[in-house]
Amino acid sequence: MRRRDFLTLLTGIICGWPTTSYAQQKQKPVPVIGILAAAAPDNAAAQQNLAAFREGLGEFGYVEGQNVAIEYRFAGNRSERLPALAADLVHRQVSVIAATTTEAALAAKTATTAIPIVFEMGGDPVRVGLVASLSRPSGNITGVTQLNVVVAPKRLELLHELLPTATVMALLADPTDPASAEITTRDLQAAARSFGLELHVLNASTERDFDAAFAKLIQLRARGLVISAGSFFIGRQEQLAALAVRHAMPAVFESREFVAAGGLMSYGGSLTDSYRLTGVYTGRILKGEKPGELPVQQGTKVEMFLNLKAAKALGITVPLPLLGRVDEVIE
């Protein structure tokens, strides 16, 4: 081969290879995750949880804005919007849907049987019909459950520990969320009997019900209130905390935000931990694993928060053993 021909050929190879490789890389589609959330987008706790989700996603090498895109759909604490938002994500043909709360997961499951779904919820996914079993979910769905429904009796126990002379307590439940309300009511009635307590169940499914429920508490002479887990109450926990303060009602809920807003105490599964695990499962599915073959993960981490200022205002002396078990005291 003549020297000039050889140099021409070599130049073509050197110039051609990077161009072809870059073109192929450029054409490679970036996976898109659809996040379906019941919360409002400006909710500080929601943003913290989403940061934990992205952390879990990062454990499998996926970084938003670099090699994965995320489409966010927030229902703004209006569960009736979830089906339309889920349908929109399906229409956009996202790679995976991460659905937070039971209502979001049910909306996603109704919207698609083809796109993989990873849920994050506090109830029993088998009981509500999301999966066939925890060990073998089957189909296009799997996810993570935290302990917020399961540990509801513990919240009553904590109130009993703080108010040892009280004989009448109450539970605030959302009757439109039967998966949570029925289990919580059953378990708390059993716990109340074991503690020798009288437990009244009050219902609220709209904000208009709150004032009537708290007025009823006073009428019943209830000394403490357990608020049931569920997205409806989560989206309104600051309002509930304000009502508890106004009516001088010792109340316990599932998350720290309730305590930070003035509520007495919270006890529940760690949402940041379960969101991180949800991100991990989403990353595994993007890597090629099938959701139906990934067992539902059950979170084991629980957190307890106490508002010491609220306790003092309510005339409650917190026992030192209980104080020692609190993850964070808010003053």
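Scope of this entry: the structure provided in the associated data block. If you're wondering where the values come from, they're calculated on a predicted model, not measured in any experiment.

### A look at the nonpolar core
So, point 1. Membership of the largest hydrophobic core comes to 31 residues, with the highest contact counts inside it found for Leu156, Leu162, Met169, Leu264 and Met265.
So, point 2. Looking at this core, the elements with two or more residues in it are α5 (152-162), β6 (168-173), α6 (178-195), β10 (265-269), β12 (302-307) and α12 (308-313).
So, point 3. Broken down by element, the residue count for this core peaks at five residues, all from α5.
So, point 4. Leaving out residues up to four positions away in the same chain, Leu156 has contacts with Met169, Leu188, Ala191, Ala192, Phe195, Leu197 and Val226.
So, point 5. With 25 residues, the next largest nonpolar core counts Leu172, Ala204, Ala222 and Ile330 among its residues.

### Considering the pairing of β10
So, point 1. Extensive coverage of β10 is indicated by the burial of five of its five residues.
So, point 2. Looking at chain direction, β10 and β12 are connected through five bridges and run antiparallel. Across the sheet, Met265 pairs through a bridge with Leu306, a residue of β12.

### Concerning the environment of Ala260
So, point 1. For Ala260, the position within the fold is in helix α10 (residues 256-260).
So, point 2. By relative accessible area, Ala260 is classed as partly exposed at 46%.
So, point 3. Along the chain, Ala260 and Phe305 lie 45 residues apart, while their C-alpha atoms are 8.8 Å from each other.

### Re the sheet that holds strand β9 (residues 251-253)
So, point 1. If you walk across this open sheet you meet the seven strands as β7-β6-β8-β9-β10-β12-β13, and the pairing is mixed. Each edge of the open sheet is held by one strand with a lone partner, namely β7 (198-203) and β13 (328-330). The average angle at which neighbouring strand axes cross in this sheet is 20°, direction not considered.
So, point 2. Along the sheet face, α5 touches β6, β8 (224-227), β9, β10 and β12 and points at about 150° away from the line of β10.
So, point 3. Packed on one face of the sheet, helix α7 (residues 208-220) meets β6, β7 and β8 and runs near 160° to β7.

### Focus on α5
Residues lying three or four places apart along an α-helix face the same way, a consequence of the helix completing one turn every 3.6 residues.
So, point 1. Those residues of α5 not exposed but buried are Ala152, Arg155, Leu156, Leu158, Leu159 and Leu162. Seen along its axis, α5 keeps its buried residues to an arc of 155°; they face one direction.

### Here's the deal with the sheet that holds strand β2 (residues 69-74)
So, point 1. As summarised here, the arrangement of the six strands in space is β2-β1-β3-β4-β5-β11, forming an open sheet in which the pairing is parallel. Only two strands of the sheet have a single neighbouring strand rather than two, namely β2 and β11 (297-298).
So, point 2. In the packing of helix α11 (residues 271-286) onto the sheet, contacts are made with β1 (32-37), β3 (96-100), β4 (117-121), β5 (141-145) and β11, and the angle to β4 comes to roughly 170°.

### Regarding the packing of aromatic side chains
For any pair of aromatic rings, the description consists of the separation of the ring centres together with the inter-plane angle of the planes.
So, point 1. Following the criterion strictly, the structure yields five aromatic pairs and no others.
So, point 2. Through successive ring pairs, a cluster of aromatic residues spans Phe210, Phe232 and Phe233.

### Some details on the packing of helix α2 (residues 44-58) against α11
When two helices pack together, their arrangement is given by the angle between their axes and by how far apart the axes lie.
So, point 1. Two elements in contact, α2 and α11, have axes whose closest approach is 6 Å; the angle formed by their N-to-C orientations is 40°. One finds that α2 runs oblique with respect to α11. Crossing handedness for the pair α2 and α11: right-handed. Mapping the contact onto sequence places Gln48, Asn49, Leu50, Ala52, Phe53, Glu55, Gly56 and Leu57 in α2 and Leu271, Thr272, Tyr275, Arg276, Thr278, Gly279, Val280, Thr282, Gly283 and Leu286 in α11.
So, point 2. Residues of the contact of α2 with α11, tallied by class, amount to eight nonpolar, eight polar and two charged.

### Notes on the side chain of Thr102
So, point 1. Within the secondary structure, Thr102 is located in helix α4 (residues 102-111).
So, point 2. Excluding anything up to four places from it in sequence, Thr102 contacts Met121, Gly123 and Val128.

### Section: the environment of His200
So, point 1. Within the secondary structure, His200 is located in strand β7.
So, point 2. Separated by 50 residues in sequence, His200 and Pro250 place their C-alpha atoms 15 Å apart.
So, point 3. Leave out the neighbours within four places in its chain, and His200 touches Val168, Met169, Ala170, Leu171 and Leu220.
So, point 4. Only 2.9 Å separates the side chain of His200 from the side chain of Glu198, close enough to count as a polar contact.

### Here we look at α7
So, point 1. Those residues of α7 not exposed but buried are Phe210, Ala213, Phe214 and Leu217. Down the axis of α7, the sector holding all buried residues measures 95°, keeping them to one side. For α7, the exposed residues lying more than 90 degrees away from the buried face are Arg208, Ala212 and Gln219.
So, point 2. Tucked into the core, α7 has its buried residues touching β6, β7, β8, α8 (231-234) and α9 (237-246).
So, point 3. Looking one or two residues past α7, Arg221 carries a phi angle of roughly 60°, positive in sign.

### Digging into the side chain of Ser270
So, point 1. Relative to the helices and strands, Ser270 is located in the loop between β10 and α11.
So, point 2. In this structure the side chain of Ser270 is engaged in a polar contact, spanning 3.2 Å, whose partner is the backbone nitrogen of Asp273.

### Quick look at the pattern of salt bridges
So, point 1. A full pass over the atoms with the stated rule returns 14 salt bridges.
So, point 2. A salt bridge links Glu71 to Arg73, with the shortest nitrogen-to-oxygen separation between them at 3.1 Å.
So, point 3. Classification of Glu71 as partly exposed rests on a relative accessible area of 27%.
So, point 4. Among the charged side chains, a salt-bridge network with shared partners connects Glu71, Arg73, Asp88 and Arg92.

Calculation notes
Residues numbered from 1 in each chain as written. Predicted model: local features only at pLDDT ≥ 70, side-chain atom pairs only at ≥ 80, totals over all residues. Heavy atoms only, no water. Core = buried A, V, L, I, M, F, W, Y, C linked by side-chain atoms within 4.5 Å. Buried < 20%, exposed > 50% of the residue type's maximum accessible area, 1.4 Å probe, protein only. Helix = DSSP H or I, 4+ residues; strand = E, 2+ residues; numbered from the N terminus. Contact = heavy atoms within 4.5 Å. Pairing = 2+ DSSP bridges. Axes fitted to C-alpha atoms, helices over the stretch in contact; angles between N-to-C directions. Arc of directions from axis to C-beta. Phe/Tyr/Trp six-rings, centres within 6.5 Å; stacked < 30°, edge-to-face > 60°. Parallel < 35°, antiparallel > 145°, perpendicular 65-115°, else oblique. Left-handed = near helix turned anticlockwise from the far one by under 90°. Nonpolar A, V, L, I, M, F, W, Y, C, P; charged D, E, K, R; others polar. Polar contact = N/O pair within 3.5 Å; in protein donor to acceptor, adjacent residues only side chain to side chain. Salt bridge = Lys/Arg side-chain N within 4 Å of Asp/Glu carboxyl O.

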